[in-house]
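Structure at a glance
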Amino acid sequence: MVQIQESEVRRALSTVNDPELKRDLVSLDMVKSISIAGGRVTVRIELTTPACPLRGKIRADIEQALQALPGVAEVVIDFTAKVRGAPKPQGDLMPGVKNVLLVGAGKGGVGKSTCAVNLALALAKSGAAVGLLDADFHGPSIPIMLGLTQAPAIDRGKIEPLEAFGMKVMSLGLLTEPGAAVLWRGPKLHGAIKQLFADVAWGQLDYLVVDLPPGTGDIPISISQLVKPCGAVLVTTPQDLSLADVLKAKQLFDQVGIPTIGLVENMSGFTCPHCNCTSPIFDVGGGRRAAEAMRIDCLGTLPLEPAVRAAGDRGVPIVAAEPESLHAKAFEEIARVLAGKISTMARTLSLPVLGRASGE
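First, a word on scope: everything that follows refers to the structure included in this document. (Residues numbered from 1 in each chain as written. Predicted model: local features only at pLDDT ≥ 70, side-chain atom pairs only at ≥ 80, totals over all residues. Heavy atoms only, no water.)

1. Focus: empty space enclosed by the protein
- Tallied over the entire structure, the rule returns two cavities of 30 Å³ or more.
- Considered as a void within the structure, the largest cavity measures approximately 80 Å³ in volume.
- Residue lining of the largest cavity: 14 residues in total, with Asp18, Glu20, Thr48, Cys52 and Ser343 positioned closest to the centre.
- For the lining of the largest cavity, the element with the highest residue contribution is helix H11 (residues 326-350), accounting for four residues.
- Of the residues assigned to the lining of the largest cavity, the class counts are six nonpolar, five polar and three charged.
- Its boundaries defined by the atoms lining it, the second largest cavity holds a volume of some 40 Å³.
- Tallying contributions element by element places helix H7 (residues 240-255) first for the lining of the second largest cavity, with three residues.
- Taken together, the residues of the lining of the second largest cavity break down into seven nonpolar, two polar and no charged. (1 Å grid on protein atoms, 1.4 Å probe; cavity = no way out; pocket = protein on both sides within 12 Å on 5 of 7 lines; lining within 4 Å. Points joined across faces, edges and corners; volume = space filled by probe spheres on them. Helix = DSSP H or I, 4+ residues; strand = E, 2+ residues; numbered from the N terminus. Nonpolar A, V, L, I, M, F, W, Y, C, P; charged D, E, K, R; others polar.)

Shown next as structure tokens:
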């Protein structure tokens with residue numbers, strides 16, 4: 001019987017690349033353990049996000065590489081995950097938060113908050129530690145969409161975020177009287193944003209999803225001055241007016257040094273529940289055309305679906321209310337793509353020089 005050596009297994013794994021980083025699993029320190037029992041080889045692989053969109057590709061490549069070794073009869077792969085973030089600047093307001101992700105739009109009414117809530121929930125369902133911050137001070141809607149009504153507690157000078165669907169949640173709407181209008185501007189607005197970052201007990205989070213107000217006002221600029229977001233996601237509908245405004249939002253992010261990770265096209269078409277015919281209410285393919293024009297990725301398209309609106313109105317987002325629906329699955333797929341891009345960006349910023357990593 002052929003005796004399998006750990007060095008042979010490790011050498012075979014060094015031929016398997018992370019599909020996004022184009023580097024092998026060994027030099028990326030993703031191989032955490034190798035155990036051999038007769039013809040059975042078990043490896044533990046640490047992914048950079050539990051929502052890794054290419055887990056299946058990595059599994060297939062590992063199996064192919066190891067099954068080619070003499071004596072290997074069975075390959076067992078144990079996937080774990082550790083979300084990575086870009087290096088933090090000194091004095092960061094939230095040292096325990098690995099990635100701050102902004103969700104914005106050039107105009108209101110495009111479903112930005114719905115996307116922020118369901119993408120955050122999809123990331124949490126994958127096993128990540130997620131927080132959701134409602135930074136739309138003029139129209140905070142996150143409490144309604146998550147069914148939250150109670151005021152947060154304060155413990156030792158820190159505001160305790162509320163819990164909803166496995167996420168930590170904070171909104172100015174939880175700190176003001178119901179229905180009260182917020183008329184803050186300038187320095188007062190900047191101070192309130194800083195308080196929601198620095199004075200909330202966010203703890204250890206893999207992702208903090210921030211729902212921005214629509215447009216190109218003060219809040220994204222203030223956020224760029226207070227923290228270092230990993231990037232932003234833009235939400236648009238396909239019609240020309242929305243596309244023109246989302247371009248302005250992209251330009252704002254460029255000016256304040258926040259990378260735009262990609263774009264989500266919402267309300268891409270309505271399928272009649274009676275005849276199953278799809279009607280392009282807001283034009284066709286505009287989101288993809290806008291993404292191409294801005295040289296960013298279109299992360300996915302979401303159809304116009306009354307159930308999504310109804311779920312948000314009753315405080316149970318569609319990803320939680322109807323997890324097997326096509327709409328919930330669409331949000332989960334976009335979240336997987338998004339998580340993969342964030343982990344690639346974080347890895348790229350922290351990777352050692354290739355020659356050093358390989359011992360050259």
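2. A word on the side chain of serine 113
- Relative to the elements of secondary structure, serine 113 occurs in helix H3 (residues 112-125).
- Separated by 3.4 Å, the side chains of serine 113 and serine 141 make a polar contact. (Polar contact = N/O pair within 3.5 Å; in protein donor to acceptor, adjacent residues only side chain to side chain.)

3. A closer look at unusual backbone geometry
- Look at arginine 156: it is not a glycine, yet its phi comes out positive at around 50°.
- With respect to the element layout, arginine 156 can be found in the loop between strand E6 (154-155) and strand E7 (158-159).
- Classification of arginine 156 by relative accessible area gives exposed; the value is 80%.
- Backbone geometry places methionine 267, a non-glycine residue, at a positive phi of 55°.
- One can find methionine 267 in the loop between strand E12 (260-265) and strand E13 (270-271).
- Given a relative accessible area of 16%, methionine 267 falls into the buried group. (Buried < 20%, exposed > 50% of the residue type's maximum accessible area, 1.4 Å probe, protein only.)

4. What to know about the environment of isoleucine 261
- Looking at the secondary structure, you find isoleucine 261 in strand E12.
- For isoleucine 261, a relative accessible area of 6% translates into the label buried.
- It is 9.4 Å that separates the C-alpha atoms of isoleucine 261 and leucine 101, two residues lying 160 residues apart in sequence.
- If sequence neighbours within four positions are ignored, isoleucine 261 has contacts with Leu101, Cys230, Gly231, Ala232, Asp297, Leu299, Leu338, Lys341, Ile342 and Met345. (Contact = heavy atoms within 4.5 Å.)

5. What about the packing of helix H1 (residues 6-13) against helix H2 (residues 55-67)?
- For the pair H1 and H2, the least separation of the axes is 9 Å and the interaxial angle reads 135°. With respect to H2, the element H1 is oriented oblique. Crossing hand, H1 versus H2: right-handed. In this structure, H1 uses Val9, Ala12 and Leu13 to contact H2, whose residues at the interface are Ile62, Ala65 and Leu66.
- Looking at the contact of H1 with H2, its residues break down into six nonpolar, no polar and no charged. (Axes fitted to C-alpha atoms, helices over the stretch in contact; angles between N-to-C directions. Parallel < 35°, antiparallel > 145°, perpendicular 65-115°, else oblique. Left-handed = near helix turned anticlockwise from the far one by under 90°.)

6. With respect to the nonpolar core
- Membership of the largest hydrophobic core comes to 49 residues, with the highest contact counts inside it found for Val130, Leu132, Leu146, Met167 and Val209.
- If sequence neighbours within four positions are ignored, leucine 132 has contacts with Ala116, Val117, Ala120, Ile142, Leu146, Met167, Lys168, Val169, Met170, Trp202, Leu208 and Val209.
- Core analysis: the next-biggest nonpolar cluster, separate from the first, contains 38 residues, Val100, Ile193, Leu205 and Ile258 among them. (Core = buried A, V, L, I, M, F, W, Y, C linked by side-chain atoms within 4.5 Å.)

7. Regarding the side chain of threonine 260
- For threonine 260, the location among the structural elements is in strand E12.
- Of the residues examined, threonine 260 reaches a relative accessible area of 14% and is grouped as buried.

8. Let's talk about the sheet that holds E12
- Strands sit in the order E8-E9-E5-E10-E4-E11-E12-E15 across an open sheet of eight strands; the sheet is mixed. Looking along the sheet, the strands with just one partner apiece sit at the ends: strand E8 (162-164) and strand E15 (297-301). This sheet shows a mean twist of 25° between the axes of neighbouring strands, independent of strand direction.
- Inspection of the sheet shows strand E4 (residues 97-104) paired to strand E11 (residues 231-236) by four bridges, in the parallel sense. Bridge pairing links leucine 101 to glycine 231 in E11.
- Packing against the sheet, helix H8 (residues 286-294) makes contact with E11, E12 and E15, and its axis sits at approximately 160° to E12. (Pairing = 2+ DSSP bridges.)

9. Topic: the pattern of salt bridges
- Scanning the entire structure with this criterion turns up 18 salt bridges.
- Across the pair aspartate 136 and lysine 112 runs a salt bridge, and its minimum N-O distance is 4.0 Å. Linking aspartate 136 in the loop between strand E5 (130-134) and helix H4 (142-146) with lysine 112 in helix H3, this pair joins segments that are 24 residues apart in sequence.
- Overall, lysine 112 belongs to the buried group, its relative accessible area being 6%.
- A salt bridge links aspartate 155 to arginine 156; the nearest nitrogen and oxygen atoms lie 3.6 Å apart.
- Bridged by salt links that share partners, the residues Asp29, Lys32, Glu46 and Arg84 form one connected network. (Salt bridge = Lys/Arg side-chain N within 4 Å of Asp/Glu carboxyl O.)

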